[in-house]
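Next come the chains, spelled out residue by residue.
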There are 2 protein chains.
Amino acid sequence: MKLYSYFRSSAAYRVRIALNLKDIPYDIVPVHLLRDGGQQLSDNYTALNPSQLVPTLVDGDRAVAESVAIMEYLEETHPKPALLPKGAAARAHVRAMVQLIACDIHPLNNLRVLKYLKHDLQLDDAARDGWYRHWIALGLASLEAMLVRSALTGRFCCGDEPGMADACLVPQLFNARRMECDVSAFPTVLRIDAACAELDAFRKAAPSSQPDAEG
Amino acid sequence: MKLYSYFRSSAAYRVRIALNLKDIPYDIVPVHLLRDGGQQLSDNYTALNPSQLVPTLVDGDRAVAESVAIMEYLEETHPKPALLPKGAAARAHVRAMVQLIACDIHPLNNLRVLKYLKHDLQLDDAARDGWYRHWIALGLASLEAMLVRSALTGRFCCGDEPGMADACLVPQLFNARRMECDVSAFPTVLRIDAACAELDAFRKAAPSSQPDAEG
């Protein structure tokens, strides 16, 4: 498999974690989101993924877009180890946490959105930082509440094995720290992030471990 | 089942379509997003769904949040008729379209985001309309491209039976029209929307058909 990835993209980071957890070999094809005016906007990449967003997974002659769709695809094609629990209720709980991060937090802080706030809406740094931190704090508070109240929460987001929600939590928390958000109010999220950090699958997926990493 | 819903919420609209397509009986519990300062922010609703977003599906003693997680839950608990096709590649294609709408378009135009643009960032009507239309046009252009290039596209987003991607497409297009976006550049999206409009499952899910509908 080939993963079109950018080291700092948290959507690509999710998929790198999922591939590592399943021990699926893959090659990284770097797509630099800032260089050349944004390599994701090139004709070649657009032909692969009309949304012009990373990541894209290429498996043989199939190109799969959207990080959550890619993780579900990996779960169906490489079922073990499972990234979703057994039972419809537990699976719905994990998917709700995945969607909370992938829909309610991350899209508001995506590079293209921050660019629009800067260039089209002419917002200054303080207003953009405020925007970023507002949505991250709101979303992580919801995630913390979901984790605290659920009997399914264990060492990881669901039970004692890492899964799809953890693969979303860690990149989102990486982003939050990078933007200097105060995350101290989310102890359960922090505890799970620390548990993930002990695992090779997560460490090897980190931005700083990527072939296209920059300082 | 009970669905906590707001007639104009496009996330709730998706779930209403999915429930109708599967012919699952349900009661609507209206949550008015504007009245009482936003009923989704009430203690009672927050106890049910800490994200304070609609919809929430209650099935016996289970509460499921996030529209896409709810649709996947319904697919697992009520498999027929299927809203996802057979085969991992086709399922990934449908899920990519679902995520494109649910992550890349809709969250940027959610009520709470528009409120933040107005009250916190003090953007005027023109700037907010520009924002809204920008993300819808960009996202629908990607969706149109995905549909045009895929051999799986049929009368509906995937083949000749309606499914999960159609349940996302129709509410997004409803939103686009409501905000007076120009959708003429997306003929395949429009053709599929028209095909859906012929089906009772979609018609009964429409905002104007809801018990809490307003003029």
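Quick caveat: nothing in here was measured; it's all calculated off a predicted structure. (Residues numbered from 1 in each chain as written. Chains lettered and ligands numbered in written order. Predicted model: local features only at pLDDT ≥ 70, side-chain atom pairs only at ≥ 80, totals over all residues. Heavy atoms only, no water.)

Talk me through the overall build of chain A; I want residue IDs and the actual numbers.
On a plain count of helices and strands, chain A comes out with 9 helices and 4 strands. Its helices and strands in sequence order give chain A the pattern β-α-β-α-β-β-α-α-α-α-α-α-α, from N to C terminus. Its C-alpha atoms give chain A a radius of gyration of 17 Å, near enough to 17 Å, the size a compact globule of 215 residues would have. Every one of the 215 residues in chain A was classed for burial, and the buried ones make up 58%. (Helix = DSSP H or I, 4+ residues; strand = E, 2+ residues; numbered from the N terminus. Rg over C-alpha atoms; globule rule 2.2 N^0.38 Å. Buried < 20%, exposed > 50% of the residue type's maximum accessible area, 1.4 Å probe, protein only.)

I'd like a rundown of the packing of helix H6 (residues 125-149) of chain B against helix H8 (residues 187-197) of chain B, residues and numbers included.
When two helices pack together, their arrangement is given by the angle between the helix axes and the distance between those axes. All names here are of chain B. Between H6 and H8, whose axes approach to 8 Å, the crossing angle comes to 80°. One element, H6, and the other, H8, form an angle in the roughly perpendicular class. Along its contact with H6, which presents Leu140, Leu143, Glu144, Leu147 and Val148, the element H8 presents Pro187, Thr188, Val189 and Ile192. Tallied by class, residues from the contact of H6 with H8 come to 7 nonpolar, 1 polar and 1 charged. (Axes fitted to C-alpha atoms, helices over the stretch in contact; angles between N-to-C directions. Parallel < 35°, antiparallel > 145°, perpendicular 65-115°, else oblique. Contact = heavy atoms within 4.5 Å. Nonpolar A, V, L, I, M, F, W, Y, C, P; charged D, E, K, R; others polar.)

Run through the sheet that holds strand S3 (residues 56-59) of chain A, naming residues and quoting values.
Residue and element names in this part refer to chain A. Read from one edge to the other, the open sheet built from 4 strands follows the order S2-S1-S3-S4, with strand pairing classed as mixed. Taken across any chain shown, the strands that pair with only one partner, and hence form the sheet edges, are strand S2 (27-30) and strand S4 (62-65). Averaged over all adjacent pairs, the angle separating strand axes in this sheet is 25°, with direction ignored. Note that strand S1 (residues 2-5) and S2 share 4 bridges and pair parallel. (Pairing = 2+ DSSP bridges.)

If you had to explain the sheet that holds strand S3 (residues 56-59) of chain B to someone new, which residues and values would you point to?
All names here are of chain B. One open sheet accounts for 4 strands, arranged S2-S1-S3-S4; its pairing is mixed. A single partner strand is all that each edge strand has here, and the edge strands are strand S2 (27-30) and strand S4 (62-65). Direction aside, neighbouring strands of the sheet carry axes that sit 25° apart on average. In this sheet, S3 lies alongside strand S1 (residues 2-5) in antiparallel orientation, the contact comprising 3 bridges. Following the sheet pairing, leucine 3 is matched in S3 by leucine 57. Strand contacts of helix H1 (residues 10-21): S1, S2 and S3, with the helix running at about 155° to S1, the strand carrying the most contacts.

An account of the pairing of S3 of chain B is requested, with residue identities and associated values reported.
Residue and element names in this part refer to chain B. Examined bridge by bridge, S3 and S4 share 4 bridges and lie antiparallel to one another. Bridge pairing in S4 links aspartate 59 to arginine 62. Here S3 folds back onto S4, and the loop between the two strands holds 2 residues, one of which, glycine 60, carries a positive phi near 65°.

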